[in-house]
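Below, each chain spelled out in residue letters.
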Amino acid sequence: MRNRIIFQTCIGFLFWLSSFLFMEVTTIERLLIFGIAVTVPLTFLLTETTDRYGKHSKVYSLAVRFYPFAAISAIISFFFPLGFISGLWTVPWLIWVTMVFLYGVQRLMARGLHYIEEVSIDIGLIYLLLGGVWLSIFRFGINVLDFGTVIISLTAIHFHFSSFVTPIFAGLLGRFYRRYIGISKQFKLMLVGIMVSSLGIAIGITISRVVEFFFVGMYAISLWGYTYYLVFGLYNVVKNKLAYILLSISSLTLIMTMLFASIYGFGRMISIDFVTIPQMVDYHGIANALIFVFLGVVGWLIAQPKMYFISYGIPFSNLNGERKIGSDFFQRHDYTSPQVYSGLVNRLEDFDQTDFNSNKVSPRIRHFYEQTIDYDLQSLTYWQKGFQRLSNVYKLISSRVEQINLPSHDEEDELTVRSEIIGIDDDRDGRDDVRAWVRTSKSTEKAVFVAAYSHHSFANNKYINISLPLPFGHMTGILRLVNGIDDRLELTSKARSKNKGDEGIYYVTKWFSIKLPISEHFTVWEEEDYLKANHEMWILGKKFLTIDYSIYSVSTE
């Protein structure tokens, strides 16, 4: 796809150069055409993301194929005067930027917020939708909030160039820093400033010139920070010196262009035209488009910074739930297999790795995980303050769905469950060695916990991969094993210190996956004649649930 986009862009660039001979358009319109034909597709190419199997997302592939039609249609709109016909030709472009928006959202949801440099790239992709919206408004000739044609066209340029490109450039710079230098708090502030201020400027133009000037100042400082980190940080990091030279020239342009922008914003705030709009277009707009953006995108294409960790391609189950799950979910849908399993794992030593040694785990805990069917569980559930009332609403839903069917805060009795281990068809599930652990309440006969257990490995790390069918999809917990004190076993979805792993809680459908802001941690230890376990859960960093388990061997009851 890379060669395809570059070829299309070369044709677009030649068209743009030749357009000076036959297109009667303003400087602003010519810059918009340059963006549509050249810089937007090249910048989009910089965000190309494949999963760990080398596959592109369906949205990205569709956007690449649809781009030529969208771009040609958008450019045709400039052959017509502002109005309905001109605006109609921009609709395919609006559809295309919506695809780009969905691609950015998809990247963000599937990965989560751990890598701020990747979030910055996502934000750039998301902002482009606003560029398409303002382009359509401009070409339809709609006067929004009495802005006038010039301001509307400049807003379209802002979201096709600065808002789209700068978060992506900053994110690519962040990839180098993450891998070779380290991302400091100041670097993170620079990234946040770039991500926030682009939208803040647009909001300021709408509601307040003071707000506009504040965000223009934030934007200028953040981009000067980008220049500093690039020029002084990448000299010994970027191997291709041509790429470094192009990127340095590109970023140094920001010193002048953002100074103009700051003076312009200050003048608007106090109602004095220190810099006029035509001057802004001639100096700020042209320099940004032709030097900062164009040279920058070429430089980044040569440098090709790689993602620190490929978060995409985690093997998720194919078995999605429906309105009711229940203890017979796998039998109802003929997901079972004749394979017989007795534990949640075949052998605990299969998960031995750099930071986990199964030999340090208590033999009785090992036996529980390898022969789970030989144990009964009793549990007490504690909802934390602030979630106690919500637990009653949650109970109404979970008891009907019969999945993760936990007692409410008002139910203080100990919950005793009946366990069953069922073999699951690997081909239908899509993972390896899949077995279901179904826990049913002995008192109500309703399912409490219905989950399909598997495992996977990536980048020398091994995980337990647990899928819980839910309405319209499933929730998957990716847990890593940790040696606790006194032969204890810990299982956690919390990321390692450098966030380089698959750990996490995900909601997965056949269309998309979302890394949820939820984490969980299990601790299992041995008492005199039984096992104890503690299960804690957090949402947005706040603990909301604790479950204490007592685990008894059936033979000792």
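Please refer to the structure higher up on the page.
Basis of the calculations
- Residues numbered from 1 in each chain as written.
- Predicted model: local features only at pLDDT ≥ 70, side-chain atom pairs only at ≥ 80, totals over all residues.
- Heavy atoms only, no water.
- Helix = DSSP H or I, 4+ residues; strand = E, 2+ residues; numbered from the N terminus.
- Buried < 20%, exposed > 50% of the residue type's maximum accessible area, 1.4 Å probe, protein only.
- Contact = heavy atoms within 4.5 Å.
- Expected span 1.5 Å × (residues − 1).
- Core = buried A, V, L, I, M, F, W, Y, C linked by side-chain atoms within 4.5 Å.
- Axes fitted to C-alpha atoms, helices over the stretch in contact; angles between N-to-C directions.
- Parallel < 35°, antiparallel > 145°, perpendicular 65-115°, else oblique.
- Polar contact = N/O pair within 3.5 Å; in protein donor to acceptor, adjacent residues only side chain to side chain.
- Pairing = 2+ DSSP bridges.
- Patch = residues over 30% accessible without salt bridge, like charges linked within 9 Å, V, L, I, M, F, W, Y side chains within 5 Å.
- Areas by Shrake-Rupley, 256 points an atom, 1.4 Å probe, with all protein chains shown as cover.
- Salt bridge = Lys/Arg side-chain N within 4 Å of Asp/Glu carboxyl O.
- Lys, Arg positive; Asp, Glu negative; His and termini not counted.
- Charge placed at Lys NZ, Arg CZ, Asp CG, Glu CD.
- Left-handed = near helix turned anticlockwise from the far one by under 90°.
- Nonpolar A, V, L, I, M, F, W, Y, C, P; charged D, E, K, R; others polar.

> How would you explain the overall build of the chain if you had to name every residue and give the values?
The secondary structure content of the chain amounts to 16 helices and 12 strands. Counting only C-alpha atoms, the chain reaches 90 × 50 × 45 Å along its principal axes. Counting all 557 residues of the chain, 56% fall into the buried class. Across the chain, the fraction of contacts at a sequence separation of at least 24, relative to all contacts at a separation of at least 6, is 67%.

> Got a sec to walk through helix H7 (residues 149–160)? Specific residues and values, please.
In an α-helix, one turn spans 3.6 residues, which is why side chains three or four residues apart end up on the same side. Taking 1.5 Å per residue as the helical rise, H7 with its 12 residues ought to reach 16 Å, and the 17 Å between its terminal C-alpha atoms agrees with that figure. Summarising burial for H7: 9 of the 12 residues are buried, a large majority.

> So what's going on with the nonpolar core? Which residues, and what values?
If you look at the biggest cluster of nonpolar residues, it comprises 90 residues, and the most contacted ones within it are Trp93, Trp96, Leu173, Tyr226, Leu234 and Trp300. A per-element tally of this core places helix H2 (residues 27–46) first, with 13 residues. Ignoring any residue separated from it by four or fewer positions in sequence, one finds tryptophan 300 in contact with Leu46, Phe169, Leu172, Leu173, Phe176, Tyr226, Leu230, Leu234, Leu247 and Pro305.

> Lay out the packing of helix H1 (residues 2–22) against helix H3 (residues 58–76) with the relevant residues and their values.
Running from N to C, H1 and H3 cross one another at 10 degrees; their axes reach a closest spacing of 11 Å. Here H3 runs roughly parallel to H1, going by the angle between their axes. For the pair formed by H1 and H3, the contact residues are Arg4, Ile5, Gln8 and Phe15 on the first element and Tyr60, Val64, Arg65, Tyr67, Pro68 and Ile75 on the second.

> I'd love a proper account of the side chain of arginine 111, names of residues and values included.
Topologically, arginine 111 is positioned in helix H5 (residues 91–111). In this structure the side chain of arginine 111 is engaged in a polar contact, spanning 3.2 Å, whose partner is the backbone oxygen of arginine 107. Sequence-distant contacts of arginine 111, defined by excluding residues within four places in its chain, comprise Glu118, Val119, Asp122, Ser311, Tyr312 and Lys515.

> Any chance you could break down unusual backbone geometry for me, citing the residues and the numbers?
With a phi angle near 50 degrees, aspartate 433 is a residue other than glycine that sits in the positive phi range. With respect to the helices, strands and loops of the structure, aspartate 433 is situated in the loop between helix H16 (426–429) and strand E3 (435–441). By relative accessible area, which is 26% here, aspartate 433 ends up partly exposed. In this model, alanine 459 sits at a positive phi of 55 degrees, which is unusual for a non-glycine residue. Positionally, alanine 459 belongs in the loop between strand E4 (447–458) and strand E5 (461–470).

> Residue-level account of the pairing of strand E7 (residues 489–492), with values.
Moving residue by residue along a regular strand, the side chains alternate between the two faces of the sheet. As paired strands, strand E6 (residues 473–483) and E7 are joined by 4 bridges and run antiparallel to one another. By the bridge assignment for E7, asparagine 483 is matched with leucine 489. Connecting E6 to the next strand, E7, in antiparallel fashion are 5 residues, including aspartate 486 with a positive phi near 55 degrees. Relative to strand E10 (residues 518–526), E7 runs antiparallel, the two sharing 4 bridges. For glutamate 490, the partnering residue across the bridge sits in E10 and is threonine 523.

> Just give me the short version of a negative patch on the surface, but keep the residues and values in it.
Where like charges cluster on the molecular surface, the negative patch consists of Asp410, Glu411, Glu412 and Asp413. With respect to the secondary-structure elements, aspartate 410 resides in the loop between helix H15 (388–401) and strand E2 (415–423). The exposed category is assigned to aspartate 410, whose relative accessible area is 55%.

> Could you give an account of the packing of helix H8 (residues 162–181) against helix H9 (residues 185–207), naming the residues involved and the relevant values?
Axis separation between H8 and H9 bottoms out at 9 Å; the angle between their running directions is 165 degrees. As summarised for this structure, H8 and H9 are arranged roughly antiparallel, according to the angle between their axes. Crossing of H8 against H9: the hand is left-handed. Contact residues: Ser162, Ser163, Thr166, Pro167, Ala170, Gly171, Leu173, Gly174 and Tyr177 in H8; Phe187, Met190, Leu191, Ile194 and Ser198 in H9. Looking at the contact of H8 with H9 residue by residue, the classes come out as 8 nonpolar, 6 polar and no charged.

> Which residues make up the pairing of E5, and what values go with them?
Taking burial as the measure, the 10 residues of E5 include 9 buried ones, the bulk of the element. Of the pairings in the sheet, the one linking E4 to E5 comprises 7 bridges and is antiparallel in character. Bridging from a neighbouring strand, alanine 452 pairs with serine 467 of E5. Here E4 folds back onto E5 in antiparallel fashion, the turn holding 2 residues, of which alanine 459 has a positive phi close to 55 degrees. Counted along the chain from E5 to the antiparallel partner E6, the turn is 2 residues long, and its residue phenylalanine 472 has a positive phi close to 70 degrees.

> Quick rundown of a nonpolar patch on the surface? Include the residues and the values.
On the surface, Leu21, Phe22, Phe79, Phe80, Phe84, Ile85, Leu88, Trp89, Val91 and Ile95 cluster together to form a nonpolar patch covering roughly 990 Å² of accessible area. At the level of elements, H1, helix H4 (84–88) and H5 are the ones that each hand at least two residues to the nonpolar patch. By residue number, the principal contributor to the nonpolar patch is H4, which donates 3 residues. Counting through the fold element by element, isoleucine 85 comes out in helix H4.

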